[in-house]
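The residues making up each chain are set out below.
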There are 2 protein chains.
Amino acid sequence: MYRTNTCGELRASDAGRTVTLSGWVQRTRKMGGMTFVDLRDRYGITQIVFNNADNAELCDQANKLGREYVVAITGTVAERSNKNPNLPTGDIEIIATSIEILNRSDIPPFTIEDNTDGGDDLRMQYRYLDLRRAVVRRNLELRHKVCFEIRRYLDGLNFLEVETPILTKSTPEGARDFVVPSRMNPGQFYALPQSPQLYKQLLMVGGFDRYFQIAKCFRDEDLRADRQPEFTQIDCEMSFVEQEDVLQLFEGMVKHVFKATKGIEFDYQFPRMTWADAMKYYGSDKPDIRFDMRFVEIKDLTEGHDFAVFDSAAYVGAICAPGCADYSRKQLDQLTDFVKRPQVGAKGLVWIKLEADGSVKSSIGKFYDDASLMAIAERCGAAKGDLILVLCGEPMTTRKQLCELRLEMGNRLGLRPSNVFKPLWVIDFPMFEWDDETQRFYAMHHPFTMPKKEDIPLLHTDTGAVRANAYDMVMNGVELGGGSLRIHRPDLQNEMFELLGFTPERAREKFGFLMDAFRFGAPPHAGLAFGLDRFVSMLAELDSIRDTIAFPKNNSGRDTMNDSPAEIEQEQLDELFLRVELPKH
Amino acid sequence: MYRTNTCGELRASDAGRTVTLSGWVQRTRKMGGMTFVDLRDRYGITQIVFNNADNAELCDQANKLGREYVVAITGTVAERSNKNPNLPTGDIEIIATSIEILNRSDIPPFTIEDNTDGGDDLRMQYRYLDLRRAVVRRNLELRHKVCFEIRRYLDGLNFLEVETPILTKSTPEGARDFVVPSRMNPGQFYALPQSPQLYKQLLMVGGFDRYFQIAKCFRDEDLRADRQPEFTQIDCEMSFVEQEDVLQLFEGMVKHVFKATKGIEFDYQFPRMTWADAMKYYGSDKPDIRFDMRFVEIKDLTEGHDFAVFDSAAYVGAICAPGCADYSRKQLDQLTDFVKRPQVGAKGLVWIKLEADGSVKSSIGKFYDDASLMAIAERCGAAKGDLILVLCGEPMTTRKQLCELRLEMGNRLGLRPSNVFKPLWVIDFPMFEWDDETQRFYAMHHPFTMPKKEDIPLLHTDTGAVRANAYDMVMNGVELGGGSLRIHRPDLQNEMFELLGFTPERAREKFGFLMDAFRFGAPPHAGLAFGLDRFVSMLAELDSIRDTIAFPKNNSGRDTMNDSPAEIEQEQLDELFLRVELPKH
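Just so it is clear, the structure is predicted and the values come from calculations on it, not from any experiment.

Summing up its helical and strand segments, chain A has 16 helices and 23 strands in all. Its C-alpha atoms give chain A principal-axis dimensions of about 90 × 75 × 60 Å. Of all 585 residues assigned to chain A, the portion counted as buried reaches 58%. Considering only contacts within chain A whose residues lie at least 6 apart along the sequence, 66% involve residues at least 24 apart. By element, 47% of the accessible surface of chain A is carried by carbon and sulfur atoms, the whole surface being about 23,700 Å². Of the charged side chains in chain A, 73 are positive and 89 negative; the average position of the first set lies 3 Å away from that of the second.

The next subject is the domain arrangement of chain A. How large an interface is tends to be reported as the accessible area lost when its parts come together. Partitioning chain A into domains gives domain 1 (12–103) and domain 2 (291–412). The distance between the C-alpha centroids of domain 1 of chain A and domain 2 of chain A comes to 63 Å.

Attention shifts here to unusual backbone geometry. Looking along the chain, the bond that leaves A:Ser564 and enters A:Pro565 is cis, with omega of 0 degrees. Mapped onto the secondary structure, A:Pro565 falls in the loop between α15 (532–539) and α16 (570–575). Although it is not a glycine, A:Glu68 adopts a positive phi angle of roughly 70 degrees. Among the secondary structure elements, A:Glu68 is positioned in the loop between α1 (56–63) and β4 (70–79). Residue class for A:Glu68 comes out buried when judged on its relative accessible area of 1%. For B:Asp306, which is not a glycine, the phi torsion comes out positive at approximately 55 degrees. The topology assignment puts B:Asp306 in the loop between α8 (299–302) and α9 (308–311).

This part covers the relation of the copies chain A and chain B. Copy one and copy two of the chain differ by a rotation about an axis and a translation along that axis. Turning chain A through 180 degrees and shifting it by 0.0 Å along the axis lays it on chain B, with an RMSD of 0.0 Å. Taken together, the rotation angle and the small translation identify this as a two-fold axis.

Okay, the sheet that holds strand β4 (residues 70–79) of chain B next. All names here are of chain B. An order of β1-β2-β3-β5-β4 is seen for the five strands of this closed barrel, with the pairing classed as mixed. This sheet shows a mean twist of 55 degrees between the axes of neighbouring strands, independent of strand direction. Bridge count between β4 and strand β5 (residues 92–103): 10 bridges; the pairing is antiparallel. From the neighbouring strand, Val77 faces β5, where its bridge partner is Ile94.

One pass over the structure, following the stated rule, counts 117 salt bridges over all chains. The shortest N-O distance in the salt bridge between B:Arg379 and B:Asp300 comes to 2.7 Å. Of this pair, B:Arg379 sits in helix α11 (residues 370–379) while B:Asp300 is found in helix α8, placing the two residues 79 residues apart along the sequence. One salt bridge connects B:Asp516 with B:Arg519, and the closest N-O pair in it is separated by 3.5 Å. Beyond isolated ion pairs, a larger network of salt bridges with shared partners links A:Asp120, A:Arg123, A:Arg127, A:Asp130, A:Arg133 and A:Asp547.

Residues and elements named next belong to chain A. For the pair helix α7 (residues 275–282) and helix α12 (residues 395–412), the least separation of the axes is 8 Å and the interaxial angle reads 65 degrees. Counting all contacts with α7, which are made through Trp275, Met279, Lys280 and Tyr282, the residues of α12 involved are Met396, Arg399, Lys400, Cys403 and Arg406. For the contact of α7 with α12, a count of residues per class yields five nonpolar, no polar and four charged.

Here we come to the pairing of strand β21 (residues 478–485) of chain B. Residue and element names in this part refer to chain B. Burial analysis of β21 places six of its eight residues in the buried class, the great majority of the element. Direction of pairing for strand β20 (residues 470–475) relative to β21: antiparallel, over a ladder of six bridges. Pairing of Asp472 across the sheet is with Gly482, part of β21. Connecting β20 to the next strand, β21, in antiparallel fashion are two residues, including Asn476 with a positive phi near 50 degrees. Where β21 meets strand β22 (residues 525–531), five bridges bridge the pair, whose relative direction is antiparallel. What sits directly across from Gly483, in β22, is Leu528.

Next up on the list: α12(A). Residues separated by three or four positions in an α-helix point in the same direction, a consequence of the helix having 3.6 residues per turn. Residues and elements named next belong to chain A. If you check α12, its first and last C-alpha atoms are 25 Å apart, about what 18 residues at 1.5 Å a residue would give, namely 26 Å. Taken together, the buried positions of α12 are occupied by Thr398, Arg399, Gln401, Leu402, Cys403, Leu405, Arg406, Leu407, Glu408, Met409 and Gly410. On its buried face, α12 sits against α7, β12 (296–297), β13 (315–321), α10 (329–340) and β16 (386–393). Near the N-terminus of α12, the side chain that reaches the backbone nitrogen of Met396, with its oxygen 3.3 Å away, is that of Glu394.

On to the environment of B:Gly464. Inspection of the secondary structure assignment puts B:Gly464 in the loop between β19 (440–443) and β20. Expressed as a C-alpha distance, the spacing of B:Gly464 and B:Val162, which sit 302 residues apart in the sequence, is 36 Å.

This part covers the nonpolar core. Judged by nonpolar contacts, the single largest core of 96 residues is most densely connected at A:Tyr128, B:Leu154, B:Phe250, B:Trp425, B:Phe432, B:Tyr471 and B:Phe530. Of the residues forming this core, the biggest block, eight residues, is contributed by helix α6 (residues 243–262) of chain B. If sequence neighbours within four positions are ignored, B:Phe432 has contacts with B:Phe441, B:Tyr442, B:Met444, B:Leu459, B:Thr463, B:Val466, B:Met496, B:Leu499 and B:Leu500. Among the nonpolar cores identified, the runner-up in size contains 94 residues, and A:Tyr153, A:Val254, A:Leu485 and A:Phe511 belong to it.

Moving on, we come to the interface of chain A and chain B. Listed per partner, the contact involves 127 residues of chain A and 127 residues of chain B. Interface area for chain A against chain B, summed over the two sides, is near 11,400 Å², with a carbon-plus-sulfur share of 58%. The largest per-residue losses of area from chain A upon contact with chain B belong to A:Glu163, A:Phe240 and A:Phe520, which jointly make up 7% of the total buried on that side. Counting the contacts that link chain A with chain B gives 19 salt bridges. B:Glu581 is the salt-bridge partner of A:Arg579, the closest N and O atoms lying 2.9 Å from each other.

Cut-off values and rules
Residues numbered from 1 in each chain as written. Chains lettered and ligands numbered in written order. Predicted model: local features only at pLDDT ≥ 70, side-chain atom pairs only at ≥ 80, totals over all residues. Heavy atoms only, no water. Helix = DSSP H or I, 4+ residues; strand = E, 2+ residues; numbered from the N terminus. Buried < 20%, exposed > 50% of the residue type's maximum accessible area, 1.4 Å probe, protein only. Contact = heavy atoms within 4.5 Å. Areas by Shrake-Rupley, 256 points an atom, 1.4 Å probe, with all protein chains shown as cover. Lys, Arg positive; Asp, Glu negative; His and termini not counted. Charge placed at Lys NZ, Arg CZ, Asp CG, Glu CD. Domains from an automatic or database assignment. Least-squares fit on C-alpha atoms with pLDDT ≥ 70 in both. Pairing = 2+ DSSP bridges. Axes fitted to C-alpha atoms, helices over the stretch in contact; angles between N-to-C directions. Salt bridge = Lys/Arg side-chain N within 4 Å of Asp/Glu carboxyl O. Nonpolar A, V, L, I, M, F, W, Y, C, P; charged D, E, K, R; others polar. Expected span 1.5 Å × (residues − 1). Polar contact = N/O pair within 3.5 Å; in protein donor to acceptor, adjacent residues only side chain to side chain. Core = buried A, V, L, I, M, F, W, Y, C linked by side-chain atoms within 4.5 Å. Buried area = accessible area lost by both parts, 1.4 Å probe.

Below, the structure written as structure tokens:
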């Protein structure tokens, strides 16, 4: 037997018991005639003591243990004289009577500590050692718990978890698919699913009523900092429901998960905001409402002062940064540099200070007298000591720039603490997005989204104004999930394909089986999907999703631990009737 | 609101309530001035009544409803005069006051009934309609429940569910991999995992202690009748355990699932049988022990009678079929034909009847006197009226033939009822299998399996005799799962690779990262994996795994519903630097 107990469970009440523990040597310390070994497993750390006076040979063995050796140690539990209050096992130690070395270890390439000396690349290459670190492991324990609680919640509400295929058919209108050549069907390919969207709608047609799945999804996109080619989605769909049913039910799920994993109770209904308001007041479809600092439109107040920059702009918007009137010239320059960065793209920044003494100062004082500036300050709700920051230009572009500035000010003012959680439903998304390049409309959510009933008459007359029954759950400025009511009537679905520029042939080729299915009595249905990786990283208060994933890939889609992807044998290519033709350099 | 209740929940106590139900029209019947509609959803069927005398227009609407129309019906719950005891809702009906047609339906290509008129191919092409059939849906409800209970059981024992990658590296020594070309790493491929084997071992190296995952796995094999290119595995691994710990824990899991899903309690420890005994007594490593009929070796009793067939055979084995002494010549000929089929491959069949009157008759009566035949019958434990069937030849080959014959007799005698469950652990598998063709040993389980400690000295002297710490859970002659203790010491693992014919270079290329990991303190560990599809089909008492899967593929690996795999665009191939070169016919 390798162990009677884990390294995390012994307490003072166990004193006197003979136990065997197994684990890894975290560290050894020699003090006088004693040797102390910290033994670690998933459950904790326990101190083992060897006394040279009692057993010199055993103590000698202990002195020779290297870091990360795997050992089984038998001994007697003793209450410590100098207790360690920082360790759950800190009241006891084990007086060792024997050691068995189960495995030796080379010196690890980085320290197995919460604050390791290993950089990201090294940690990923030796991920199995990185996983020994409690800070990494805890994220994956949390992920396990989140999934379990989601399943418990949905199972309790009659949802069925159904596995949909991974080897499936290319989905259109989305990102690039990963494809899988079929040996048994030469020249043909499966695609890995970007989401189980079509399957879950077919399950609704199949009468499954309430479906969910914690599903692997795949996108062959150039990876931005925090994306993975495979990711996990909490995928849900329901029949015979209205939007309100979906919002209530999944708001309940998020509340359940927060309570079960973090003990946080949201004792209020999540606020809701239309997409139009989100854009108007926050310049984003995922506003961070941990802090207010809403946009204030001041175009009308700026007119008639011959300030060409504002006069030529369709939109002039301001935010009020509380207590920042004492910003120095240098700090204001930094903010100007910030908004002029190519990622933000503003031409410049206007500021108005409402000083502590009630006077105003501004970068546009030449054009505006104090009364005019005070009028702006007043509309912005500025108090003495506040700083007003103004951007102008084309409305949508400027709002996005102002959004970046607002978030930057939130960061500077410490208004975005990672342990405060502010959920928000964003609703009433537009149905379509116009693309200037291809001169056509695209579905903002996807082509199966149900337009608002009252907007259906606008489909052909004012396409861009049509709103969708689509909704996103946003938290702290991050989109946790989103979904929509689906079209269930074949005539409306065909109309939608037409508006989105699918020829009947192409629609048939791509969605034929879905259109077939809809001919046989599709129920009204709706659903949504949460990004699990993102949800866990929110709960874990991490900036990146990477440490919520056991074996993540790097920004080139590589697993540096096992060095994949890799070349395959010629024989494998031959069996698939494939030839690789690399570009010549 | 589409419904106040489901079609499965209303009872006599609800009489008088006004309700709205939504669902599919199962059937409509006109009787006198009444029209009855059976409305169906996932939860059941409720009868709706329309009275022509009360509301002729509404009744007319009801008469026009087609099969599988989706409707919302409002009305009053009434207790029925002629109750239907076969239906949970059979005590009530709904007196309709309004109908809303939510969607029409074409006439479905087969009937949505438990006994449908649709053949397999049609059912698969319209799987979304097939899924509406209660018999199919119940299997998927069961699958959901099995998964949930497995998770509940393992979570309660501190197991962590960890997702391992789907885009991974080619695993060796197994079946053929599906591969996925990487656009970002031109000319390189990911492989889809045949199992998370290496990752779960790395998680043990990473100190995760107890891991599980209900994981999608992939094998690009020519599909036999009951295989799928993607399948689901309950994958588990534990650290610091002996074989006994693993057997106890997962026996507990199987017991938990049977109890939770079928109310069946196994109040005994599952029997265990060595692989050697399983082969000796049942000719199979997965004996069906729902019935006994063990093999009896009678070679010694057959000698000295100048019967060349037996004399030249290394093995003569018999089974005793109770009560079959009255088999006719025709029945015996059928059995002879059965064992001579190419799938079985015996040369012939010898029979001995112990007649009801105590006399013996045999197909080899010419060579053996009654006393000799009685001696055989006695050793076989035959009673009056029993039939003894004998095969002979090379031991292993003959045992496999006798196994087929035994199962056939079990079927004929009704000894294999699908609602009786007989679990069995088969243990002590051989470590290696000799392959005549390539003249080398292969790992019977996989190359990471730990040999029995006492057999390690035989590794180089009597390789074929080395037994492994490997175990299978067998039920009713089906392998539900299997696993092994793993090698955790790098020296032994290297020795194993060498015995299996891996050059150091190839071992490095294929398993380098695992060997690296093992240098840093791998704990003793062990695990196993259950086939989820098979497990569910066992619980559902199905012959095939297909109906435990929502969207299965056919024997050519095709999904006939969405017609995948399919050709992809030239542009996609170009991005991957791939060319398809089909063979010319």
